[in-house]
Amino acid sequence: MVEAVLIDLFSLPANLQNNIQGLLCNTLETIEKCSSTHAPFVYVMCCQRQGSERKGEQEFLLPALGGFQSLKRRLEVVCALTTAAALYTIKQRLDEKDLSIIKVILPTLRKDLMKAYIDHLFTAVYQFEYEDLQMVSDSENLQISEPQGEGQTLPSQDMALIQSEIQMHLKSLPSLKGELTILRSSLIPDDTFLHGFTTRTGGISYIPTLSSCNLFSSSKRRDPHVVVNENLHRLANAAGFNPEAFHRVKVNHANAVCIMGKTEPDRYDGIVTNQKGVTLAAPGADCMPVLFADPVRKACGAAHSGWKGTLLGVSMATVNAMVAAYGCNVKDILVVLGPSVGPCCYKLPHESAKEFHRIDPKCVRLFDSANPHTDIRRATRILLQRGGVLPENIQDDSITDQNQNITFCTACHPDKFYSHFRDGINFGTQIGFISIKD
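Being a predicted model, the structure only gives us computed values, none of them experimental.

> So what about the overall build of the protein? Which residues, and what values?
Scanning the protein from terminus to terminus reveals 11 helices and 19 strands. Out of the 438 residues belonging to the protein, those deemed buried represent 53%. A separation of at least 24 residues holds for 69% of the contacts in the protein among residues at least 6 apart in sequence.

Printed below as a string of structure tokens:
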């Protein structure tokens, strides 16, 4: 069942401007007749004329809206200077109401263009269907045709203009939830490495569980890649790295490691390099982003370590990759565990917790319960030390000076961090990142 209707009147031909009220009235009448038992939310998208005190078509549309009582509280006119701005505003309205099934009614000539905008601004969470407005300038009647076949692919120059328009609009948006904040470790020397762990502030993602500096896009979430990319560019600008030389692990919850410059695995949870100016990153939203630095051989790495990856030894696998690829001495490698869910909040089924108990009984609290509290940080430290990493070269929440602690519990700090455990399936993601300075 359609939950919302978008009527695109953004770029009507000049010979139809005088009939805009009639166009809208006929369209709304059709919606009302087809929606007697369930009135959808209706958004009318139109152009705001730049440099004018009047809001373009909106001034002409408002008188046409009064007679539609069943739609009155569900009807909104959205005017903007660009299609990107108008459509992004409508997306915000849809997300506020958790609406996902949308019918788009628009001029035939706008269909391919609108599909391109929607492909950029929405994810697979949403379902769109399209109907054509058949507009005849000498007729007062408006007919909605049956959906037509797929149109032709837009020329590359049109696609480039659409992408540029979207990027410009997103770039103009204010940061949410305060300024962008980066946590840094005192263990990693800043004369050789650029590094940090992000928090949730300073981006443009507006959905509550993704707000605001979400750094991962998924077909299962409502934050599109273009928004995440804008967040990344804001992070890169604040941190001082090149977003075009940015490499994030392809999470598989296992222990494969990618060595930059060699054949890239399909999926991997660790990545290492000795190339200057290349930024490596690992995501985390309860799972640990772990950073590695060797100031002697000037190599670095990043790893994503959830409970499965921890048991499979992904952190030590990343250390071993640095030793094998770059001749690092394991005793020179520094390891920092980033914000992640702590044993205060994290529980695993008893069978899974048993594996951590085998590493060290202190990794599990309330072991006899059905879902014991589990400490993936302690397990990571123990496995690293067993592999030869010096205890003093590992930073986690056991640090003596808690003012230097950056391994916060993500679930305990909703103002600072995202948490899958706390927020559910539509969770945001922070990252740990590191690069070798030029």
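Next comes the rest of the description.
> Describe the packing of aromatic side chains, and please don't skip the residues or the numbers.
Under the defined criterion, the tally for this structure stands at seven aromatic pairs. Taking 5.3 Å as the distance between ring centres and 50 degrees as the angle between the ring planes, the aromatic pair formed by phenylalanine 241 and phenylalanine 433 counts as tilted. With phenylalanine 241 in the loop between α6 (225-239) and β9 (246-248) and phenylalanine 433 in strand β19 (residues 430-436), the pair connects residues that are 192 residues apart, well separated along the chain. Among the aromatic side chains, those forming a connected cluster through ring pairs are Phe122, Tyr126 and Phe128. Over the ring of phenylalanine 41 we find lysine 97; its NZ or CZ atom is 5.1 Å from the centre of that ring. Directly above the aromatic system of phenylalanine 408 lies the positively charged group of lysine 416, at a separation of 4.7 Å from the ring centroid.

> Could you give me a rundown of the sheet that holds strand β15 (residues 334-337), with the residues and numbers involved?
Strand order in the open sheet made by the six strands is β10-β11-β14-β13-β15-β18, with mixed pairing throughout. With one partner strand each, in any of the chains shown, β10 (257-259) and β18 (394-395) form the two edges of the open sheet. Note that β10 and strand β11 (residues 270-273) share three bridges and pair parallel. Bridging from a neighbouring strand, cysteine 258 pairs with isoleucine 271 of β11. Helix-sheet contacts for helix α8 (residues 314-326) involve β10, β11, β13 (288-294) and β14 (299-305), and the interaxial angle to β14 is about 155 degrees.

> Account for the nonpolar core, with residues named and values stated.
Formed by 38 residues in total, the largest nonpolar core has its most connected members in Leu6, Met45, Leu87, Leu94, Val104, Met114 and Ile166. Mapped by element, the contributors of at least two residues to this core are β1 (4-8), β2 (41-47), β3 (75-80), α3 (83-96), β4 (101-107), α4 (111-121), α5 (156-172) and α6. By residue number, the principal contributor to this core is α3, which donates seven residues. Counting the residues that make up this core, at least three belong to each of domain 1 (4-135) and domain 2 (182-436). If near-sequence neighbours (up to four positions away) are discounted, valine 104 is found in contact with Leu6, Met114, Ile118, Phe128, Glu129, Tyr130 and Glu131. One finds Val290, Met316, Cys328 and Ile394 within the second-largest nonpolar core, a separate group that totals 36 residues.

> Please provide a residue-by-residue account of the sheet that holds strand β7 (residues 182-183), values included.
Pairing is mixed across the open sheet formed by five strands, whose spatial order is β7-β8-β19-β12-β9. The sheet is open, and its two edges are formed by β7 and β9, each paired on a single side.

> How would you explain the environment of serine 172 if you had to name every residue and give the values?
Mapping serine 172 onto the fold places it in helix α5. Once the C-alpha coordinates of serine 172 and isoleucine 204 are considered, the two residues, 32 residues apart in sequence, prove to be 9.9 Å apart. A polar side-chain atom of serine 172 sits 2.6 Å from the main-chain carbonyl oxygen of histidine 169.

> With reference to specific residues and values, describe the confidence of the model for the protein.
Keep in mind that low pLDDT regions are not for reading the predicted coordinates in detail. Of the residues in the protein, 87% have a pLDDT of 70 or more, and the chain-wide mean is 90. Note that pLDDT drops below 50 for residues 136-149; the model gives that stretch 28 contacts with residues more than four away or on any other chain.

> Give me the side chain of threonine 318: which residues, what numbers.
The residue threonine 318 is located in helix α8 in this model. A polar contact is formed between the side chain of threonine 318 and the backbone oxygen of valine 314, at a distance of 2.9 Å. Discounting chain neighbours no more than four positions away, the residues touching threonine 318 are Val257, Gly270, Ile271, Val272, Phe292, Ala302 and Ala303.

> Give a description of the pairing of β14 that names residues and reports values.
For a regular strand, side chains alternate in direction, first toward one face of the sheet and then toward the other. Burial analysis of β14 places seven of its seven residues in the buried class, which makes it a mostly covered element. Where β11 lies against β14, four bridges are found, and the strand directions are antiparallel. Along β14, the bridge assignment pairs isoleucine 271 with alanine 302. Across seven bridges, β13 lies against β14 in antiparallel orientation. Bridging from a neighbouring strand, methionine 288 pairs with serine 305 of β14. Connecting the antiparallel pair β13 and β14 is a turn made up of four residues, with lysine 298 showing a positive phi of about 55 degrees.

> Let's hear about the packing of α3 against α4: which residues, and what values?
Two numbers describe a pair of packed helices, the interaxial angle and the distance between the axes. Where α3 meets α4, the axes come as close as 11 Å, and the angle between the chain directions of the two elements is 55 degrees. As summarised for this structure, α3 and α4 are arranged oblique, according to the angle between their axes. Along this stretch, α3 crosses α4, giving a crossing that reads as right-handed. Across the interface between the two elements, Thr83, Ala84, Leu87, Tyr88 and Lys91 from α3 touch Met114, Tyr117, Ile118 and Leu121 from α4. Residues belonging to the contact of α3 with α4 are distributed by class as follows: seven nonpolar, one polar and one charged.

> Outline the packing of α5 against α6, supporting the account with residue identities and numerical values.
Taken N-terminus to C-terminus, the directions of α5 and α6 make an angle of 55 degrees; their axes are 10 Å apart at the nearest point. Compared by their axis directions, α5 and α6 come out oblique. In this structure, α5 crosses over α6, and the sense of that crossing is right-handed. Packed against α5, whose contacting residues are Ile166, Leu170 and Lys171, the element α6 presents Val226, Val227, Glu230 and Arg234 at the interface.

Definitions and cut-offs
Residues numbered from 1 in each chain as written. Predicted model: local features only at pLDDT ≥ 70, side-chain atom pairs only at ≥ 80, totals over all residues. Heavy atoms only, no water. Helix = DSSP H or I, 4+ residues; strand = E, 2+ residues; numbered from the N terminus. Buried < 20%, exposed > 50% of the residue type's maximum accessible area, 1.4 Å probe, protein only. Contact = heavy atoms within 4.5 Å. Phe/Tyr/Trp six-rings, centres within 6.5 Å; stacked < 30°, edge-to-face > 60°. Lys NZ or Arg CZ within 6 Å of the ring centre and 35° of its normal. Pairing = 2+ DSSP bridges. Axes fitted to C-alpha atoms, helices over the stretch in contact; angles between N-to-C directions. Core = buried A, V, L, I, M, F, W, Y, C linked by side-chain atoms within 4.5 Å. Domains from an automatic or database assignment. Polar contact = N/O pair within 3.5 Å; in protein donor to acceptor, adjacent residues only side chain to side chain. pLDDT = per-residue confidence, 0-100. Parallel < 35°, antiparallel > 145°, perpendicular 65-115°, else oblique. Left-handed = near helix turned anticlockwise from the far one by under 90°. Nonpolar A, V, L, I, M, F, W, Y, C, P; charged D, E, K, R; others polar.

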